[in-house]
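# Examining the three-dimensional arrangement
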Amino acid sequence: MIRRIDHVGVVVADLAAAGVGLRMLTMQPGGTDVVDTYHVACQFWHCAGDRTAIEVVAPASDGDMVSGQLARRGPGLHHVAFEVDDIEAELAALENRGAVLVDSAPRPGGQDGLRVAFAHLGPATGLLVELVEYAKP
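This is a predicted model, so every value here is computed, not measured.

### Observations concerning the pattern of salt bridges
Summed over the entire model, instances satisfying the criterion amount to seven salt bridges. Note that Glu83 is salt-bridged to Arg4, the shortest N-O span being 2.9 Å. One end of the pair, Glu83, is in strand E5 (residues 76-84); the other, Arg4, is in strand E1 (residues 2-11), with 79 residues separating them in the sequence. The exposure class of Glu83 is buried, given its relative accessible area of 7%. Relative accessible area serves as the criterion here: at 23%, Arg4 is assigned to the partly exposed category. A salt bridge links Glu88 to Arg115, with the nearest nitrogen and oxygen atoms 2.9 Å apart. In this pair, Glu88 is assigned in helix H3 (residues 87-96) and Arg115 in strand E8 (residues 115-120), connecting sequence segments 27 residues apart. For Glu88, a relative accessible area of 40% puts it in the partly exposed group. Arg115 sits in the partly exposed class, given a relative accessible area of 26%.

### Notes on the environment of Val66
Within the secondary structure layout, Val66 lies in the loop between strand E4 (53-59) and helix H2 (67-73). Judged by its relative accessible area of 0%, Val66 is buried. With 55 residues separating them along the chain, Val66 and Val11 place their C-alpha atoms 7.0 Å apart. Setting aside residues up to four positions removed in sequence, Val66 forms contacts with Val11, Val40, Val57, Ala58, Pro59 and His78.

### What about the pairing of E8?
Relative to E8, strand E6 (residues 100-101) runs antiparallel, the two sharing two bridges. Bridge pairing links Leu101 to Ala119 in E8. As defined by bridge partners, strand E7 (residues 107-108) adjoins E8 across two bridges and the pair is classed as antiparallel. Note on E8: the bridge partner recorded for Pro108 is Arg115. Here E8 runs beside strand E9 (residues 128-133); their pairing, made up of six bridges, is antiparallel. By the bridge assignment, Ala119 is partnered in E9 with Val129.

Criteria and cut-off values
- Residues numbered from 1 in each chain as written.
- Predicted model: local features only at pLDDT ≥ 70, side-chain atom pairs only at ≥ 80, totals over all residues.
- Heavy atoms only, no water.
- Salt bridge = Lys/Arg side-chain N within 4 Å of Asp/Glu carboxyl O.
- Helix = DSSP H or I, 4+ residues; strand = E, 2+ residues; numbered from the N terminus.
- Buried < 20%, exposed > 50% of the residue type's maximum accessible area, 1.4 Å probe, protein only.
- Contact = heavy atoms within 4.5 Å.
- Pairing = 2+ DSSP bridges.

Quick look at the structure:
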């Protein structure tokens, strides 16, 4: 079951420039990471008191998963991440509805106990969905 929106991801060519704009919106950075698997750099930004985040994603090296989007469409919405109770069940449900799985199995996320997986919702939507499952207490 989907519990809530975890974060919204946007693609930019320049993380620093995006940060200037987000600071104008009084958002605060929550950390930077280079995700070697996907060859991207990520920064998470939060509004004070709100757990939902904006993930700003930029290419980090050749072979990244976002350069194609930048070339076709320019900066913009990359993905929406949803926190789920059972990531395997949600992946199966999305696949049964016609989504194309980017990750056939969940992979470890940036925090201990975090698991993530991605699926494309189809060419008509152009939307990439990230499923996020936090460690169960």
